[in-house]
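Below are the chains, spelled out letter by letter.
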Amino acid sequence: MNVVLIGTGNAATVLGRLIKSYGHTIMEVVSRDETHAQTLATELNAKARINIGAVTKNADQYIIGVSDNSIEMVVDQLRLKNKIVVNTSGSVSKIVLQNVSEHYGVLYPLQSLRKESEHIPAIPLVIDGNTQETIQAIQTFAKSI
């Protein structure tokens, strides 16, 4: 599966490493900070991007792993027709994504993640989506990692 990571913090970094380790392709890493984007993109063999409006439209899944108070800023700039878009927040509703795509939800790691950790533990994931089809797609992806 082709994935775009939006964010370079703990959740995005650890999930990115996990996603890559299971054979998925991280196409792009998007961050407001060019150095952070480039550092994580290099590690994940992805393209770094600082302009969210220029993000590729060809990925299968888009994971928004930014701080809770930055999610709204991201969704204001992102439009992805018929793509799966999830946020990794446990406290921000999936509804915030309703104008980004027709298929949206949550992929929330149910434990604290630290990007400095060398070991990636088994991570229980809470998932939700706006339709049964979206929930099934997110669940299939979650099971693959």
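In the block above lies the structure referred to throughout.
Caption draft 1: Up close: the pattern of salt bridges. Considering all chains together, one arrives at four salt bridges under this definition. Of the charged contacts, one joins glutamate 43 and arginine 17 as a salt bridge, the two residues approaching to 2.5 Å between their closest N and O atoms. Of the two residues, glutamate 43 is situated in helix H2 (residues 34-44) and arginine 17 in helix H1 (residues 10-21); the sequence distance between them amounts to 26 residues. Given a relative accessible area of 36%, glutamate 43 falls into the partly exposed group. Glutamate 102 is the partner of lysine 81 in a salt bridge, and the nearest nitrogen-oxygen pair spans 3.6 Å. Taken together, the residues lysine 81 in the loop between helix H3 (71-77) and strand E5 (84-87) and glutamate 102 in the loop between E5 and strand E6 (103-109) connect sequence positions 21 residues apart.

Caption draft 2: Up close: the nonpolar core. If you look at the biggest cluster of nonpolar residues, it comprises 22 residues, and the most contacted ones within it are Ile19, Ile26, Val29, Ile63, Leu107 and Phe141. Among the elements of the structure, strand E1 (2-6), H1, strand E2 (25-30), H2, E5 and helix H4 (132-144) are those that each provide at least two residues to this core. With four residues, the top contributor of residues to this core is H1. Aside from chain neighbours lying at most four places away, what touches isoleucine 63 is Val3, Val4, Leu5, Ile6, Ile19, Val86, Thr88, Leu107 and Phe141. Formed by 19 residues, the second largest nonpolar core is a distinct cluster that contains Ala59, Leu80, Val92 and Tyr104.

Caption draft 3: Molecular detail of the environment of isoleucine 63. Examined against the element boundaries, isoleucine 63 turns out to sit in strand E4 (residues 61-64). Expressed as a C-alpha distance, the spacing of isoleucine 63 and proline 124, which sit 61 residues apart in the sequence, is 16 Å.

Caption draft 4: Structural detail: the layout of surface pockets. Its boundaries defined by the atoms lining it, the largest pocket holds a volume of some 540 Å³. Around the largest pocket sit 27 residues that line it, and Gly7, Gly9, Gly65, Val66 and Ser67 are the ones nearest its centre. Only H1, H3 and E6 provide two or more residues apiece to the lining of the largest pocket. Broken down by element, the lining of the largest pocket gets its largest block of residues, three residues, from H3. A class-by-class count of the residues in the lining of the largest pocket yields eleven nonpolar, 13 polar and three charged.

Basis of the calculations
- Residues numbered from 1 in each chain as written.
- Predicted model: local features only at pLDDT ≥ 70, side-chain atom pairs only at ≥ 80, totals over all residues.
- Heavy atoms only, no water.
- Salt bridge = Lys/Arg side-chain N within 4 Å of Asp/Glu carboxyl O.
- Helix = DSSP H or I, 4+ residues; strand = E, 2+ residues; numbered from the N terminus.
- Buried < 20%, exposed > 50% of the residue type's maximum accessible area, 1.4 Å probe, protein only.
- Core = buried A, V, L, I, M, F, W, Y, C linked by side-chain atoms within 4.5 Å.
- Contact = heavy atoms within 4.5 Å.
- 1 Å grid on protein atoms, 1.4 Å probe; cavity = no way out; pocket = protein on both sides within 12 Å on 5 of 7 lines; lining within 4 Å.
- Points joined across faces, edges and corners; volume = space filled by probe spheres on them.
- Nonpolar A, V, L, I, M, F, W, Y, C, P; charged D, E, K, R; others polar.

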